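# Coordinates in review
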Amino acid sequence: MRSRFLFALLASLPLAASGAQSIEKSAPRGDEASARAALQARFDAALRADVPALEKLLADDLEYCGVSATCSTKTQYLASVQNGTRKFKSLVPKVERVTMYSDSAVLTGKVYALSIGDGTERQVDAYFLVVLAWRDGRWQMTNQSSTLLQPAPK
Amino acid sequence: MRRFAAFAALFAVATMMSATSFAKDDARIESLRAAEAARFKANVDADPKVLGQVLDDDLEYVHSNGELNSKKEFIDSLVAGKRDYVATTFEIQGVRILGDVAIIRGTAKVTVADGGQSRDLDLGYTDIWVWKDKRWQMTAWRSARMPPPAAK
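Residues numbered from 1 in each chain as written. Chains lettered and ligands numbered in written order. Predicted model: local features only at pLDDT ≥ 70, side-chain atom pairs only at ≥ 80, totals over all residues.

## Let's talk about the overall build of chain B
Looking only at helices and strands, chain B has 3 helices and 6 strands in total. The order of α-helices and β-strands along chain B, N terminus first, is α-α-β-β-α-β-β-β-β. Counting over 152 residues, chain B shows a buried share of 27%. Sequence separation of at least 24 residues holds for 47% of the intrachain contacts in chain B that already meet a minimum separation of 6. (Helix = DSSP H or I, 4+ residues; strand = E, 2+ residues; numbered from the N terminus. Buried ≥ 20, exposed ≤ 12 C-beta atoms within 10 Å, placed from the backbone. Contact = placed C-beta atoms within 7 Å.)

See below:
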């Protein structure tokens, strides 16, 4: 009896694995509207310097690459928000394209930012490229990479 | 004894299944790295055939000077010589695969011919690839100029 049970268990392993995969694929995943909302929430949280909100909206494996070509991890990014290094007076994103994939969404567009640093304000307008990953039942930003619309002349 | 054999068999099957999955991921990463290398080479060679294969029809290519090109605009500019990449060296710093999407992050030194002279651009870049029609295709590129090294 016991050996029959073990045989059945062994035989069902591959099926269990493929079953688990199909359950994951058919689980409700965020749609385009929710991806757009997640990105807007991310920009809003950055404007408010709301670290707890950003903690949820950013993936643990975040790569945040700014207009100066330097990239930060999630920890580094949150630290810069917390200590005021990264501070904005206004942050206006304009999403121009959203492409949905199986486990992710890619959003591109422009962001018009007025940053505050060292007592001065600086307008930073950039193209952004954002990848959201669908994890734990919500969108999480796993990459943002930006290029200045008009880089400063040399 | 029989119980031990059954659990050993279970463990072996589970290990084989994960090994197959890891091998598949490794193969996908290798093919992605190869596609990236082919793309950089095709830029220098201004090769529309290779670029036609490795670039997605929906490509958004944002150059470090803020110029935005579609796939057609990008390939046409290379073929016409309006954009002339003389040489490129690149280093991939990170590759991540999320289902049918991949993110590559890296740096590149690009030598461009500009008005009879050549100049070097040091870039940090991110590109996004999608797995379509049984091959990787680059669908987005963002780059930014790296700050010059601090004077010593």
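## Side note on the nonpolar core
The biggest cluster of nonpolar side chains holds 60 residues, and the ones touching the most others in it are V130, V131 and L132 of chain A together with I128 and W129 of chain B. The element contributing the most residues to this core is strand 5 (residues 120-135) of chain A, with 9 residues. Those residues in contact with V130 of chain A, other than ones at most four positions away along the chain, are L39, L107, M141, N143 and Q144 of chain A. (Core = buried A, V, L, I, M, F, W, Y, C linked by C-beta atoms within 7 Å.)

## Topic: the pairing of strand 5 (residues 117-132) of chain B
Residues and elements named next belong to chain B. Bridge analysis of strand 4 (residues 101-114) against strand 5 gives 14 bridges, and the strand direction is antiparallel. By the bridge assignment for strand 5, G106 is matched with Y125. Hairpin geometry of strand 4 and strand 5 is characterised by an intervening segment of 2 residues between the two adjacent antiparallel strands and by a positive phi of about 60° at G115. Here strand 5 runs beside strand 6 (residues 135-145); their pairing, made up of 10 bridges, is antiparallel. (Pairing = 2+ DSSP bridges.)

## Here's the deal with the environment of D127 of chain B
Residues and elements named next belong to chain B. Residue placement: D127 occurs in strand 5. Classification of D127 by C-beta neighbours within 10 Å gives buried; the count is 22. Measuring from C-alpha to C-alpha, the distance between D127 and E36 comes to 9.3 Å, with 91 residues separating the pair along the chain. If we skip the residues at most four places from it in the chain, D127 touches I104, M138, A140 and W141.

## Quick notes on the sheet that holds strand 5 of chain B
Residue and element names in this part refer to chain B. In space, the 6 strands of this open sheet follow the order 2-1-6-5-4-3, with mixed pairing throughout. Edge positions in the open sheet fall to strand 2 (68-69) and strand 3 (85-98), since each of these has one partner strand only. Along the sheet face, helix 3 (residues 71-79) touches strand 1 (55-62) and strand 2 and points at about 75° away from the line of strand 1. (Axes fitted to C-alpha atoms, helices over the stretch in contact; angles between N-to-C directions.)

## A word on the environment of E60 of chain B
Along the chain, E60 of chain B falls in strand 1. With 24 C-beta atoms packed within 10 Å, E60 of chain B lands in the buried category. Residues E60 of chain B and K49 of chain B, spaced 11 residues apart in sequence, show a C-alpha to C-alpha distance of 18 Å. Non-local contacts of E60 of chain B, meaning those with residues more than four positions away in its chain, are made with R97 and T108 of chain A together with L68 and A140 of chain B.

## Re the sheet that holds strand 6 (residues 138-148) of chain A
All names here are of chain A. Read from one edge to the other, the open sheet built from 6 strands follows the order 2-1-6-5-4-3, with strand pairing classed as mixed. Looking at strand neighbours, the two that pair on one side only are strand 2 (71-72) and strand 3 (88-100), the edges of this open sheet. Pairing geometry for strand 4 (residues 104-117) and strand 5, over 14 bridges, is antiparallel. Within strand 5, the position partnered with V111 by the bridge is A126. Sheet strands in contact with helix 2 (residues 32-48) are strand 3, strand 4, strand 5 and strand 6, and its direction is about 160° off that of strand 3.

## Side note on the confidence of the model for chain A
Across chain A, the average pLDDT comes to 86, with 79% of residues at or above 70. Under a pLDDT of 50 for its full length, residues 9-26 of chain A has, in the predicted model, 6 contacts with residues more than four places off or in other chains. (pLDDT = per-residue confidence, 0-100.)

## Comments concerning the environment of Y61 of chain B
Residues and elements named next belong to chain B. Counting through the fold element by element, Y61 comes out in strand 1. Spatially, the C-alpha atom of Y61 lies 16 Å from that of A102, the residues being 41 residues apart in sequence. Setting aside residues no more than four positions away along its own chain, Y61 makes contact with N69, F74 and W141.

## Some remarks on the pairing of strand 5 of chain A
Residue and element names in this part refer to chain A. Remark: 2 residues form the turn of the hairpin made by strand 4 and strand 5, two consecutive strands paired antiparallel; D118 in that turn has positive phi of roughly 55°. Relative to strand 6, strand 5 runs antiparallel, the two being bridged by 10 bridges. Note that in strand 6 the partner of L129 across the bridge is S145. Between strand 5 and the antiparallel strand that follows it, strand 6, lie 2 residues; D136 among them carries a positive phi value of about 55°.

## Observations concerning the confidence of the model for chain B
The predicted model of chain B has a mean per-residue pLDDT of 89, with 83% of residues at 70 or higher. Predicted complex metrics record ipTM = 0.84 and pTM = 0.83.

## Concerning unusual backbone geometry
Both trends apply: most residues other than glycine have a negative phi, and most peptide bonds are in trans. Residues and elements named next belong to chain A. The phi dihedral of A49 is positive, around 55°, even though this residue is not glycine. With respect to the helices, strands and loops of the structure, A49 is situated in the loop between helix 2 and helix 3 (51-57). A positive phi angle, close to 55°, is found at D136, a residue other than glycine. Note on placement: D136 falls in the loop between strand 5 and strand 6.

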